[in-house]
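A structural walkthrough
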Amino acid sequence: LFDGVYPFYPQQRKAAVFDISTIIVIVVFLTLACSFLLIIPGIRGRARLYWTLRVLLSLFVGVVIVVVQFTGDWETGWVQANTSYKSFSRVQVSADIGLHIGLAGVNVTLRGNPEKQINETIDYNEHFPWSFGADYDRSYSQGLQKGLPSPILYVAEKFSSQSPCAVHRQYRIAGHYASATLWVAFCTWVISNILFSMPVLVYGGYMLLVTGAFMIFSLLSFSTVRSSPMCLIQIGTRTLHVAYGGSFWLMLAIGLLCFVVGIAIVAMHHLSLDLLKTFFDLREDKAEDYQEMPEVFINPHFVSKGL
């Protein structure tokens with residue numbers, strides 16, 4: 001034992017498929033979507049299709065804004081290499097090493113190819129946080145004490161504050177401000193839905209444009225880390241390269257979608273207001289306000305007297 005900690009894991013930790021926070025957010029939004037689908041049969045005519053499209057699209061935008069806060073694939077990279085498995089040992093294993101960078105930290109994955117080698121199951125996924133309030137160097141030191149496999153420690157060391165790569169501060173600040181702008185985008189998304197329900201359609205369109213703008217600002221904030229040169233991550237004879245991952249491109253697509261929908265709503269407000277009100281199921285209210293009286297009965301006695 002080393003200070004009460006085994007130098008190597010008695011059992012290998014399995015790679016995490018989903019983050020618990022991500023699952024909670026998805027379940028909450030799926031509950032809202034299912035609740036709406038239960039009441040959708042009560043909406044008459046073509047308005048049912050319009051309501052379904054608007055609500056599901058809006059919920060999809062909202063869940064993406066929140067979920068990407070907890071995902072770890074803003075930048076990703078994989079490499080397959082023959083590498084040493086444990087410190088002070090010449091035994092090498094064939095493994096896939098993955099690097100997953102998120103807004104709040106970095107995940108390093110080590111997966112044997114095949115999984116069972118040297119009488120062990122090689123399947124690790126370790127998270128090292130760098131968000132404000134978390135201590136990345138302390139997590140890295142705990143990994144050293146646990147005796148994590150050498151490839152994981154080697155990759156994690158590149159992002160420590162003591163590393164000559166000097167990328168820890170850039171990633172930490174970029175992730176912090178990207179997360180902050182995304183929460184602002186979530187607030188503007190909520191305001192846009194409130195304006196659409198009032199209904200103040202053109203201002204709801206403007207808030208969608210603001211939502212898309214803050215999404216793009218978050219991408220620009222995160223992409224500032226590329227201004228700093230990244231050290232080579234050399235594993236065996238192979239080099240691990242990282243590129244923008246699924247969360248980055250998904251956020252870009254949703255931001256552009258908000259721009260397109262916002263511009264369409266503002267343009268329709270000025271060019272075809274009736275069509276816009278039809279899509280938001282407001283024409284029926286207008287017709288009731290301006291409909292003519294169907295039939296009027298007049299007493300001929302008063303007519304004859306000129307009253």
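Conventions and cut-offs
Residues numbered from 1 in each chain as written. Predicted model: local features only at pLDDT ≥ 70, side-chain atom pairs only at ≥ 80, totals over all residues. Heavy atoms only, no water. Helix = DSSP H or I, 4+ residues; strand = E, 2+ residues; numbered from the N terminus. Buried < 20%, exposed > 50% of the residue type's maximum accessible area, 1.4 Å probe, protein only. Contact = heavy atoms within 4.5 Å. Areas by Shrake-Rupley, 256 points an atom, 1.4 Å probe, with all protein chains shown as cover. Disulfide = S-S within 2.5 Å. Salt bridge = Lys/Arg side-chain N within 4 Å of Asp/Glu carboxyl O. Pairing = 2+ DSSP bridges. Patch = residues over 30% accessible without salt bridge, like charges linked within 9 Å, V, L, I, M, F, W, Y side chains within 5 Å. UniProt positions renumbered as here; feature names shortened; annotations may be inferred.

As a further point, take the overall build of the protein. Regarding its fold elements, the protein presents 10 helices and seven strands. When each of the 307 residues of the protein is scored for burial, the buried share is 41%. Across the protein, the fraction of contacts at a sequence separation of at least 24, relative to all contacts at a separation of at least 6, is 67%. Accessible surface, the protein as shown: approximately 17,600 Å² in total, 63% of it carbon and sulfur.

A few words on the state of the cysteines. Following the criterion strictly, the structure yields one disulfide and no others. In this model C165 forms its disulfide with C231; the gap between the sulfur atoms is 2.2 Å. Between C165 and C231, the S-S torsion sits near -135 degrees, and that sign places the bridge as left-handed. You can see C165 sitting in the loop between α4 (150–157) and α5 (168–197) and its partner C231 sitting in the loop between α6 (201–223) and β5 (233–235), a full 66 residues away along the chain. In this structure C165 comes out as buried when scored by relative accessible area, which is 9%. We classify C231 as partly exposed; its relative accessible area is 27%.

Summed over the entire model, instances satisfying the criterion amount to one salt bridge. Across the pair E120 and K86 runs a salt bridge, and its minimum N-O distance is 2.8 Å. Of this pair, E120 sits in strand β4 (residues 120–129) while K86 sits in the loop between β1 (75–84) and β2 (92–101); the two residues are 34 residues apart in sequence, bridging distant segments of the chain. Overall, K86 belongs to the partly exposed group, its relative accessible area being 22%.

This part takes up the pairing of β2. Of all 10 residues that make up β2, nine are buried, and the element is covered over most of its length. Where β1 lies against β2, 10 bridges are found, and the strand directions are antiparallel. Pairing of N82 across the sheet is with S94, part of β2. Bridge analysis of β2 against strand β3 (residues 105–117) gives seven bridges, and the strand direction is antiparallel. Bridge assignment links A95 to a residue of β3, and that residue is G112. Count of turn residues in the β2/β3 antiparallel hairpin: three residues.

Take a nonpolar patch on the surface next. A contiguous nonpolar patch, built from I20, I23, I24, V27, V28 and L32 and spanning about 530 Å² of accessible area, is present on the exposed surface. With respect to the element layout, V27 can be found in helix α1 (residues 20–39). The class of V27 is partly exposed, set by a relative accessible area of 45%.

So, about the UniProt feature "transmembrane region" (unreviewed entry) in the protein. Taking the UniProt record as the reference, the feature "transmembrane region" (unreviewed entry) is found at residues 20–39, 51–71, 91–110, 177–196, 202–222 and 242–268. Annotated as 100% helix and 0% strand, the span residues 20–39 places its first and last C-alpha atoms 29 Å apart. Between the C-alpha atoms that bound residues 202–222 there is a distance of 31 Å. The span itself is 100% helix and 0% strand.

The next thing to look at is unusual backbone geometry. Cis geometry marks the peptide bond from N113 to P114, where omega comes out at 10 degrees. In this fold, P114 is placed in strand β3. For I118, which is not a glycine, the phi torsion comes out positive at approximately 45 degrees. With respect to the helices and strands, the residue I118 is situated in the loop between β3 and β4. With relative accessibility at 38%, the residue I118 sits in the partly exposed group. If you check the backbone angles, N119 has positive phi at about 65 degrees while not being a glycine. Counting through the fold element by element, N119 comes out in the loop between β3 and β4. Given the relative accessible area of 85%, N119 is considered exposed.

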